[in-house]
Amino acid sequence: SSAFVLLMTPGLAFFYGGLVKEQNVLNTMMMSLISMGVVSITWMLAGFSLAFGDGGGKIIGDLNYFGMQGMLDMDVWDGTTLPPLVFVVFQM
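Predicted, not measured: the structure shown is a model, and the values here were computed from it.

Reading the values: the criteria
- Residues numbered from 1 in each chain as written.
- Predicted model: local features only at pLDDT ≥ 70, side-chain atom pairs only at ≥ 80, totals over all residues.
- Heavy atoms only, no water.
- Phe/Tyr/Trp six-rings, centres within 6.5 Å; stacked < 30°, edge-to-face > 60°.
- Helix = DSSP H or I, 4+ residues; strand = E, 2+ residues; numbered from the N terminus.
- Buried < 20%, exposed > 50% of the residue type's maximum accessible area, 1.4 Å probe, protein only.
- Contact = heavy atoms within 4.5 Å.
- Patch = residues over 30% accessible without salt bridge, like charges linked within 9 Å, V, L, I, M, F, W, Y side chains within 5 Å.
- Areas by Shrake-Rupley, 256 points an atom, 1.4 Å probe, with all protein chains shown as cover.
- Salt bridge = Lys/Arg side-chain N within 4 Å of Asp/Glu carboxyl O.
- Expected span 1.5 Å × (residues − 1).

A. The packing of aromatic side chains, seen in detail. Following the criterion strictly, the structure yields nine aromatic pairs and no others. Centroid distance Phe48 to Tyr65: 6.1 Å. Interplanar angle 55 degrees. Geometry classified as tilted. Residue Phe48 is located in helix H2 (residues 25-52), and its partner Tyr65 is located in the loop between H2 and helix H3 (84-91); the two are separated by 17 residues in the primary sequence. Residues Phe48 and Tyr65 agree in their burial class; the two are buried. Each residue in the set Trp43, Phe48, Phe52, Tyr65, Trp77 and Phe87 is aromatic and connected to the rest through ring pairs, giving one cluster.

B. Representation of the side chain of Ser32 within the structure. Mapped onto the elements, Ser32 comes out in helix H2. Take Ser32: its relative accessible area is 11%, and that puts it in the buried class. Residue contacts for Ser32: discarding those within four places in its chain leaves Thr9, Ala13 and Tyr16.

C. Region of the structure containing a nonpolar patch on the surface. Where nonpolar side chains cluster on the molecular surface, the patch consists of Ile41, Leu45, Leu50, Ile59, Ile60, Leu63 and Phe66 and spans about 700 Å² of accessible area. With respect to the helices, strands and loops of the structure, Leu63 is situated in the loop between H2 and H3. Judged by its relative accessible area of 47%, Leu63 is partly exposed.

D. View of helix H1 (residues 2-17). Helix length check: H1 (16 residues) gives 23 Å between terminal C-alpha atoms against 22 Å at 1.5 Å per residue, within 8%. The set of residues buried in H1 consists of Thr9, Ala13 and Gly17. Looking at the buried side of H1, the elements it contacts are H2.

Structural data, given as structure tokens:
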């Protein structure tokens, strides 16, 4: 399902590009693609840790996994049979 989202983003860029004037098509398409990159990096650095961190409060996690710390040391993510990095990409 993560691959489908990555394939859907260029399609969305073309859709948005068709809604604007010809002079703004490239800018609109690039905004869609760049936003996907910004969101991916933000998710990998801090978002996953805040969503799935062990400690913290009842609503938000902590920064134990900030920058994917300790993810390569784990065999599978708790409660699943998935490797941790696959779980991170799936939840993105």
